[in-house]
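Observations on the three-dimensional arrangement
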Amino acid sequence: MGIVAGVDFGTLSVRVSIVDSEHGRLGSGIAQFPLHRKKEDPDYATQSHSDHMRALAEATRAALTNAGVSGGLVEALAVDTTGSSVIPLGENLEPLDEYYLWCDHRAFKEAAEITSAAHAANLPNIDWCGGVYSSEWGFSKLLHWLRHSPEKRSRFATALEHCDMAAATLTGVREPSQIFRSVCANGHKWMWNASLGGLPPEEFLVSVDPLLFGVREKLIGRYAASNTIAGHLTSHWAQQLGLRPGIPIPVGAFDAHWDAVGAGVRAGDVVNVVGTSTCIVAISQDPRLIPGVCGVVPGSVVPSMTGIEAGLSATGDIFDAIASRAGSTVATLSQNLHHFKAGQTGLLRLTWDNGDRTVLVNPELSGIALGWNLTHTAQDELFAAIEGGAFHTRVILERMEEYGCPIHRVINAGGIPQKNETLNRVYASVLNKPVLVPSSDITSLGSAIFAFLATGTFKTIEDAQAALCPSHRIVQPDPSSARVYEELYQLYRELYFAFGSQSSEPVSVGHVLPKLRKIAAAARAAVSATV
């Protein structure tokens, strides 16, 4: 028997769970922190390191109180975070600026330059992250900061992902050479690849921009998977968190990757971690390149296997934006949404409101809704956005299967599937596969599993999953809805590549709107016939 703390940093809050190896989650605490955006620059999204650490202390103490557990009984702590969320650091790892959060897309030009230079140089690293570098990833964000912060460049010592910065802070690391850097974070977002010598070579980085001269050397540290101990909790942070000093902290990872572990991922599974955005995670024993995905990285999810990541740049964010424009809330708009039938709105929604993460990897795309008429409501758009997210997910899963990643089970994890059954129902019918939904919330459970591994309570991830992961309930596809969605998906797929790809060949879309009207009329007629 043992007790650990699992920490999950999301986009707007941190959750800490106190977990018992025999009885599961005993209690949890949540604390908020601000996301800084600018109305004049929709690509801007930053957060403060001090806000993160203040919230972590608040949430940990709240979790201990909620669990009724003394902090002295907690044997380890593990941290996952969003990513790529990058912070530039100076001497003694002092922040020079705020985090470029994962959803900060200011670096889209830098990402395009990195992609172009990588293909011109035949850089193999780019192939392992899908062939296209993203504005959501590390080097593009760092280059953007270097270009736009000339007064701070001379003080730049290194940069860290949030998960690595959190571990370094809690363990008292002050020197870049002593940092443990997550294989998960750096493999998926910084083109780090052990078989290729680690990070891309210096000459490549300088070919992108001379400002990157010396950066490779500054990204020094020990690159490791999460079965490695990053250090031990300092006395200062033990006092802040209400824990005892000296407990082990393993190398961290991204929130969605550990959510997949908490959801019970196995080889042959794909886990849709549906929240603010959607991260699609799979593991495989057979690493193969997959064009357009966020990365194929040995050791990134489960240390003994290869992690595969893809995703949608916005999901819950889109739902919130639709509700906000309507002066409402997602909860209000979701009332009676379960009565909606496949295709009845006549809308087809391309959910590119925050760009495309996979498979086009294009942050310059924007959301599109086709089929509007004078009677459509915000509730119609919300349902169409749920359908659009499911269609986009199917595009991604088909790409993964096409390149040798078989999918036997689909698991809908994350916060939204726990409270939006309409989304689960739509996904099952769009994918035409049963969708498994964890019977309880798994947020921060993956962190707890890696904390238990650090204490030796469980010898393998599989043993920990068997003891701690919740069971799944199964949402079956509806045959009639699946038939409608098969028609709609073919239209969606056409539009996805027509609008999302630059091609010299003209594409005819004149059939789309009449087809949407026909499908909607048939759906409404079917509803009327059952009334």
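Numbering of residues begins from 1 in every chain and follows the order in which that chain's sequence is written. Only residues with pLDDT of 70 or above have their local features reported here, since the model is predicted, and side-chain atom pairs are shown and tallied only from 80 upward, although totals for entire chains, interfaces and linings are computed over all residues. In computing side-chain values, all of the structure's heavy atoms are included and hydrogens and water are not.

1. What about unusual backbone geometry?
Of the consecutive residues Gly83 and Ser84, the connecting peptide bond is found in the cis state with omega at 5°. Following Thr358, the chain continues into Val359 via a peptide bond in cis, with omega recorded as 10°. Position of Val359 relative to the elements: it lies in the loop between strand E19 (348-350) and strand E20 (368-370). We note that Leu93 has phi near 60°; this positive angle belongs to a residue other than glycine. A 1.4 Å probe rolled over the protein chains alone gives each residue an accessible area, and that area as a share of the maximum for its type sets the label: buried under 20%, exposed over 50%, partly exposed in between. Looking at Leu93, the relative accessible area reads 5%, which means it is buried. The residue Asn122 is not glycine, and still its phi comes out positive at about 55°. Helix numbering and strand numbering both begin at the N terminus, where a helix is a DSSP run of H or I of at least 4 residues and a strand a DSSP run of E of at least 2. Relative to the helices and strands, Asn122 resides in the loop between helix H2 (108-120) and helix H3 (138-148).

2. Topic: the sheet that holds strand E3 (residues 24-32)
What the five strands build is an open sheet, ordered E3-E2-E1-E6-E14; its pairing is mixed. The strands lining the two open edges of the sheet, one partner per strand, are E3 and strand E14 (253-254). Following DSSP output, two strands are said to pair if at least two bridges run between them. Both strand E1 (residues 3-9) and strand E2 (residues 13-20) contribute to a ladder of seven bridges, which runs antiparallel. Across the sheet, residue Phe9 finds its bridge partner in E2, namely Val14. Helix H15 (residues 445-455) rests against E1, E2, E3 and strand E6 (77-81) of the sheet, and its axis sits at about 140° to E1. What makes two residues a contact is simply this: any of their non-hydrogen atoms within 4.5 Å. With axes taken as lines fitted to C-alpha atoms, and helix axes fitted only over the stretch in contact, angles between N-to-C directions fall between 0 and 180 degrees.

3. Things to note about the pattern of salt bridges
Side chains that differ in charge, positive against negative, can pair when their charged atoms come close. Salt bridges are counted wherever a side-chain nitrogen of Lys or Arg sits within 4 Å of a carboxyl oxygen of Asp or Glu. As enumerated under the stated definition, the model contains 19 salt bridges in all. One salt bridge connects Arg174 with Glu94, and the closest N-O pair in it is separated by 2.9 Å. One end of the pair, Arg174, is in the loop between helix H4 (162-171) and strand E10 (180-182); the other, Glu94, is in the loop between strand E7 (86-89) and strand E8 (99-100), and 80 residues separate them in sequence. The class for Glu94 is partly exposed, based on a relative accessible area of 40%. Across the pair Glu487 and Lys515 runs a salt bridge, and its minimum N-O distance is 2.9 Å. Placement of the pair is Glu487 in helix H17 (residues 479-500) and Lys515 in helix H18 (residues 512-530), with a sequence separation of 28 residues. Judged by relative accessible area, Glu487 falls into the partly exposed class, the value being 37%.

4. Thoughts on helix H1 (residues 49-67)
Taking 1.5 Å per residue as the helical rise, H1 with its 19 residues ought to reach 27 Å, and the 27 Å between its terminal C-alpha atoms agrees with that figure. One or two positions beyond H1, positive phi appears at Gly68, with a value near 70°. Given a helix with a known number of residues, its expected span is that number minus one, times 1.5 Å.

5. Things to note about the environment of Gly389
Residue position: Gly389 is located in helix H12 (residues 378-402). For Gly389 and Thr329, which are 60 residues apart along the polypeptide, the C-alpha to C-alpha distance reads 19 Å. If sequence neighbours within four positions are ignored, Gly389 has contacts with Leu312, Thr351 and Tyr427.

6. Things to note about H17
Taking 1.5 Å per residue, 22 residues should reach 32 Å; H17 reaches 30 Å between its end C-alpha atoms and fits that length. Within H17 the residues assigned to the buried category are Ser481, Ala482, Tyr485, Leu488, Tyr489, Leu491, Tyr492, Leu495, Tyr496 and Gly500.

7. Examining the packing of H1 against H4
Contact geometry for H1 and H4: axes closest at 12 Å, N-to-C directions at 65°. The way H1 lies across H4 gives a crossing that is right-handed. Taken together, the residues of H4 that come into contact with H1 (itself represented by His49, His52, Met53 and Leu56) are His162, Met165, Thr169 and Leu170. Each residue gets one label: Ala, Val, Leu, Ile, Met, Phe, Trp, Tyr, Cys and Pro are nonpolar, Asp, Glu, Lys and Arg are charged, and the others, such as Gly, are polar. Here the residues of the contact of H1 with H4 are counted per class, giving four nonpolar, four polar and no charged. The sense of a crossing depends on the near helix, which, turned anticlockwise from the far helix by less than a right angle, makes the crossing left-handed and, turned clockwise, makes it right-handed.

8. Topic: the sheet that holds strand E16 (residues 278-284)
Sheet strands associate in pairs through backbone hydrogen bonding, adopting either a parallel or an antiparallel arrangement. Read from one edge of the open sheet, seven strands run E17-E18-E16-E15-E21-E22-E23, paired in mixed fashion. Both outer strands of the open sheet, strand E17 (295-298) and strand E23 (472-475), are each paired with one neighbouring strand and no more. If you compare each strand with its neighbour and ignore which way they point, the axes differ by 25° on average. Alignment of strand E15 (residues 269-274) against E16, held across five bridges, turns out to be antiparallel. When the bridges of E16 are listed, Asn272 appears paired with Ile280. The strands touched by helix H9 (residues 255-262) within the sheet are E15, E16 and strand E18 (306-312), with E16 carrying the most contacts at an inclination of about 60°. Against the sheet, H12 contacts E15, E16, E18 and strand E21 (409-413), and its axis sits at roughly 150° relative to E18.

9. Some details on the environment of Ala67
Summarising the element assignment, Ala67 is placed in helix H1. Each C-alpha atom, one on Ala67 and one on Ala107, is 42 Å from the other, the two residues being 40 residues apart in sequence. Ignoring sequence-local partners within four residues, the contact set of Ala67 consists of Ile18, Leu26 and Gly27.

10. A word on the packing of aromatic side chains
Paired rings are identified among Phe, Tyr and Trp, the last through its six-membered ring, by centres lying within 6.5 Å, and are further divided according to the angle between planes into stacked (under 30 degrees), edge-to-face (over 60) and tilted (the rest). For the coordinates displayed, the defined rule picks out 14 aromatic pairs. Look at Phe391 and Tyr485: their rings are 5.7 Å apart centre to centre, the planes differ by 75°, and that puts the pair in the edge-to-face class. Placement of the pair is Phe391 in helix H12 and Tyr485 in helix H17, with a sequence separation of 94 residues. Taking the relative accessible area as the measure of exposure, Phe391 reaches 1% and is therefore buried. With a centroid separation of 4.9 Å and an interplanar angle of 85°, the aromatic rings of Tyr496 and Phe497 are classed as edge-to-face. An aromatic cluster is built from Trp352, Phe391, Tyr485, Tyr489, Tyr492, Tyr496 and Phe497, whose rings are joined through pairwise contacts. Criterion for a charge above a ring: Arg CZ or Lys NZ at most 6 Å from the ring centre, at most 35 degrees from the ring normal. In this arrangement the basic side chain of Arg106 is found over the ring face of Tyr100, its NZ or CZ atom lying 4.2 Å from the centre. The positively charged end of Arg394 is found above the aromatic ring belonging to Tyr489, 4.0 Å away from the centroid.

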